[in-house]
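Chain by chain, the residues:
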Amino acid sequence: MSGTTGSPADFVARLRAGLPLHWFADDAPVLGAVLGGLGATWAQLYALLQWVRGQSRIGTAEGATLDLIAGDFFGPALGRRPGQGDAPFRAA
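Rules and cut-offs
Residues numbered from 1 in each chain as written. Predicted model: local features only at pLDDT ≥ 70, side-chain atom pairs only at ≥ 80, totals over all residues. Heavy atoms only, no water. Phe/Tyr/Trp six-rings, centres within 6.5 Å; stacked < 30°, edge-to-face > 60°. Helix = DSSP H or I, 4+ residues; strand = E, 2+ residues; numbered from the N terminus. Buried < 20%, exposed > 50% of the residue type's maximum accessible area, 1.4 Å probe, protein only. Contact = heavy atoms within 4.5 Å. Polar contact = N/O pair within 3.5 Å; in protein donor to acceptor, adjacent residues only side chain to side chain.

## Points about the packing of aromatic side chains
Next up, step 1: For the structure on display, the rule yields 2 aromatic pairs.
Next up, step 2: With centroids separated by 6.2 Å and ring planes inclined at 65°, the aromatic side chains of Phe 11 and Tyr 46 adopt a geometry described as edge-to-face. Residue Phe 11 is found in helix H1 (residues 8–18), and its partner Tyr 46 is found in helix H2 (residues 29–55); the two are separated by 35 residues along the sequence.
Next up, step 3: Take Tyr 46: its relative accessible area is 30%, and that puts it in the partly exposed class.
Next up, step 4: Note on Phe 73 and Phe 74: the rings are 6.4 Å apart at their centroids and 50° apart in plane angle, and the pair reads as tilted.
Next up, step 5: Its relative accessible area of 57% is what places Phe 73 among the exposed residues.

## Description of the environment of Asp 86
Next up, step 1: Mapped onto the elements of the fold, Asp 86 is located in helix H4 (residues 86–91).
Next up, step 2: Apart from the residues within four sequence positions on either side, Asp 86 is in contact with Glu 62, Gly 63, Leu 66 and Arg 80.
Next up, step 3: Within the structure, Asp 86 has its side chain in polar contact with the backbone nitrogen of Gly 63 (distance 3.1 Å).

In short, shape yes, function no, at least from these values alone.
So, in structure tokens, the structure goes:
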């Protein structure tokens, strides 16, 4: 496999490895373009999944998701002060 896990090159290599041997030439530009498009799409989905995982925990949530979590746990008793960053708000 090539590229880092979740990169477009990684997904292209995974897709290419799943194809039957000798069905396509080693240099198949159309196949490369199709697999490249699929690899880029899967890489975006993988990145979205990693972001969603981060938003599912208080320790790693950020932005509006952190505000929603705080609202669920504490109600209106704990709100973000104007200009307050994620780390100080999480610590509060």
